[in-house]
Amino acid sequence: MSAKKFDLIIVGAGPAGCACAYTLRNSNIKIGLFDKSSFPRDKICGDALSADVVNQFYRLDDSLGKSFEAMSEKLDSHGVRFYSPNGRELNIDFVNPNYGKAAGYISKRIDFDSFWFDQVKEQDNIEIFLNSKVDAIARNDDGVTLKAGDKEYFAPMIIGADGAHSIVNRELGTIKVEKHHYCAGLRQYFKGVTGFHPSNHIELHFYNDLLPGYFWIFPLPNGHANVGLGMLSSEVSKRKVNIKERLHDIINSHPNIKNRFKLAEPLEEIQGYGLPIGSKKRPISGDGFLLLGDAASLIDPFTGEGIGNAIRSGRIAAEHIIESHKSGQYDAKFNKRYDSIIYKKMWNELRLGRTLQQLLKYPRLFNFIVKKANNNSSIKLLLTSMLDNVDLKKELARPAFYFKLLFS
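Residues numbered from 1 in each chain as written. Predicted model: local features only at pLDDT ≥ 70, side-chain atom pairs only at ≥ 80, totals over all residues. Heavy atoms only, no water.

A. Layout of the overall build of the protein. Helices and strands together make up the secondary structure of the protein, namely 13 helices and 21 strands. Against the 2.2 N^0.38 benchmark of 22 Å for 408 residues, the protein shows a C-alpha radius of gyration of 22 Å, consistent with a compact globule. With the principal axes as the frame, the protein shows a C-alpha extent of 65 × 45 × 45 Å. Scored against the burial criterion, the 408 residues of the protein give a buried share of 57%. Across the protein, the fraction of contacts at a sequence separation of at least 24, relative to all contacts at a separation of at least 6, is 74%. Taking the average location of the 55 positive side-chain charges in the protein and that of its 46 negative ones, the two points are 7 Å from each other. (Helix = DSSP H or I, 4+ residues; strand = E, 2+ residues; numbered from the N terminus. Rg over C-alpha atoms; globule rule 2.2 N^0.38 Å. Buried < 20%, exposed > 50% of the residue type's maximum accessible area, 1.4 Å probe, protein only. Contact = heavy atoms within 4.5 Å. Lys, Arg positive; Asp, Glu negative; His and termini not counted. Charge placed at Lys NZ, Arg CZ, Asp CG, Glu CD.)

B. Broad picture of the sheet that holds strand 12 (residues 151-155). Read across the open sheet, the 4 strands follow the order 1-12-11-10; overall the sheet is mixed. At either margin of the open sheet sits one strand with a lone partner, and together these are strand 1 (4-5) and strand 10 (136-139). Sheet topology places strand 1 next to strand 12; 2 bridges connect them, and they run parallel. By the bridge assignment for strand 12, Lys4 is matched with Tyr153. (Pairing = 2+ DSSP bridges.)

C. Expanded view of the packing of aromatic side chains. If you walk through the whole model with that rule in mind, you get 20 aromatic pairs. An aromatic cluster of three or more residues is present, and its members are Tyr22, Phe57, Phe68, Tyr105, Phe112, Phe115 and Trp116. A cation sits over an aromatic face here: Lys74 above Phe68, 5.3 Å from the ring centre. We note Arg260 situated over the ring of Phe196; from NZ or CZ to the ring centre the distance is 5.4 Å. (Phe/Tyr/Trp six-rings, centres within 6.5 Å; stacked < 30°, edge-to-face > 60°. Lys NZ or Arg CZ within 6 Å of the ring centre and 35° of its normal.)

D. Structural view of the pattern of salt bridges. For the coordinates displayed, the defined rule picks out 20 salt bridges. The closest approach of N and O atoms between Arg246 and Asp209, which form a salt bridge, is 2.5 Å. Separated by 37 residues along the polypeptide, Arg246 in helix 7 (residues 243-253) and Asp209 in the loop between strand 15 (202-205) and strand 16 (214-219) bring together distant segments of the chain. Of the residues examined, Arg246 reaches a relative accessible area of 17% and is grouped as buried. Salt-bridge contacts for Arg315 lead to Glu319; the nearest nitrogen and oxygen are separated by 3.7 Å. Here Arg315 and its partner Glu319 are both found in helix 8 (residues 307-327), 4 residues apart, which amounts to about one turn of the helix. Salt bridges sharing partners connect three or more residues here, namely Asp35, Arg41, Arg109 and Asp113. (Salt bridge = Lys/Arg side-chain N within 4 Å of Asp/Glu carboxyl O.)

E. Here's a closer look at helix 2 (residues 51-60). Judged by how many residues are buried, helix 2 sits mostly within the fold: 7 of 10 residues are covered. Listed in full, the buried residues belonging to helix 2 are Asp52, Val53, Val54, Gln56, Phe57, Tyr58 and Leu60. Where helix 2 is buried, its residues touch helix 1 (15-23), strand 4 (48-49), helix 3 (62-70), strand 8 (104-106), helix 4 (109-120) and helix 8.

Written out as structure tokens, the structure is:
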């Protein structure tokens, strides 16, 4: 059986894979794009889209950013509502965005991923294989062979954009699940949840028995809500937490929450998923392959947000692939350039996210910050700026910041 040949194979047509394919739209690189499902299809997620998602769209192309702005299946979000471990509320308005009319959005992944896929499916240089589960991947001296069903496909380079349980990583990479660098997440859609902020703030509830994780409620279009929680897997094991029971208890019994769900109806059973967080550097390339997005563990350890980094990794990977294709170099040494650029662009924020995640182990500190910010408009403004600026956000990881707060 002879294998069908491509210049590049991309496994996964989510945000990372589509960003890579879209960036290569005007190249002469022949792409085979594989996804185990067809669109529209769900992806278990918090559904929040940060300002960086919009920025990445506009960076790829103005028309792409404008198309996303015109997409109806999303909700503008203009801030974040924190609840400290002692139950005190702090509302932070987002800073005005560089692009678009809102600094953040919430959109169900079934809608967002379909939007993304629609942008690439008609590209002249792509052949798409949906409902194509990849059964095996093998590396040889010439490149990589992929087997799906009874057919084989070959390319000198393969992209793993296939999520937390990436077969590309499993067959070619070395990233393993480490509970201290992995989060367990749950999601359940509801309708009829009440009490949202008028500017559609996303809500993060930091309760003692979830730290360093949190419970969330995100408003969605059509009166729906994305409700869930995430906990570090090592803490779930250590404390022997039944996270499904914990989610149910918060919704039905927590004093901040229960009244908001009196008239609410679940739209699905509780869905579970894993988050490989970017709290340590990992090898994300090798001979003939690159890993992107969740497959490369590029999720922010503090917020759990990974879509912006997924799109960015797809763009960076495509730029690397163009150089690789020109030079005919696909080896591990050459591909290390991709790792270097990814971590040069992302590591400061990922490392900071890890530090902030660790600070959540000190609930009194969180209570103190929220109290101070509610009582002092200057501190609240500073926190607003920090959420938007990674250099300012670094102050949150420094003891001097809390010393100043103490005497402010």
